[in-house]
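Geometric and topological summary
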Amino acid sequence: MIPMTKSAQVVLTGYDRPKIDESIKMIRRYSKTVNVKIVEDSAEVKAKSKLWGCEKNNIEQEILFLRGTMDDLQKILDAKTKDGIYLQLLLK
């Protein structure tokens, strides 16, 4: 049986743009080891929201568009990222 591939987005959220950019590079490298394809360049999120418990509205967000099996996509959450960067995996 051939595993079905799915599309997903990884949203990186934090207050420090250089840490987000470095984390994207780290995820790109890691994705090759877990058989996940990055199908589109990252996109900056224009709408800003507050992180829970924070009064500042200066967060930065970036999205990576991915493709892979469900198991492989979930492994992307194990990618090493910089401290202070919050990852969300959104499956389509």
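Here the residue index of a chain counts from 1 through its sequence in written order. Restriction of local features to residues with pLDDT of at least 70 applies here, the model being predicted, together with a cutoff of 80 or more for giving and counting side-chain atom pairs; totals for whole chains, interfaces and linings are based on all residues. Values reported for side chains reflect all heavy atoms of the structure, with hydrogen atoms and water molecules removed beforehand.

1. Describing the pairing of strand E1 (residues 5-14)
In this scheme, a residue with accessible area under 20% of its type's maximum is buried, one over 50% is exposed, and one in between is partly exposed, where area comes from a 1.4 Å probe on protein chains only. Where helices and strands are cited, they refer to DSSP runs of H or I of at least four residues and of E of at least two residues respectively, numbered from the N terminus. With respect to burial, E1 is a largely interior element, seven of its 10 residues being buried. At least two DSSP bridges between two strands are needed for those strands to be called paired. The pairing of E1 with strand E3 (residues 60-69) spans 10 bridges and is classified as antiparallel. The residue of E3 that forms the bridge with Ala8 is Leu66. Here six bridges tie E1 to strand E4 (residues 86-91), and the two strands are oriented antiparallel to one another. By the bridge assignment for E4, Ala8 is matched with Leu91.

2. Notes on helix H1 (residues 17-33)
In this model, H1 (17 residues) spans 25 Å end to end at C-alpha, consistent with the 24 Å of a helix rising 1.5 Å per residue. Regarding H1, the residues found buried are Ile20, Ser23, Ile24, Met26, Ile27 and Ser31. For H1, the elements touching its buried residues are E1, strand E2 (37-44), E3 and E4. Downstream of H1 by one or two residues, Asn35 has phi in the positive range, about 65 degrees. Expected helix span is taken as 1.5 Å per residue step, with the number of steps being one fewer than the number of residues. Two residues form a contact once any of their heavy atoms are found within 4.5 Å.

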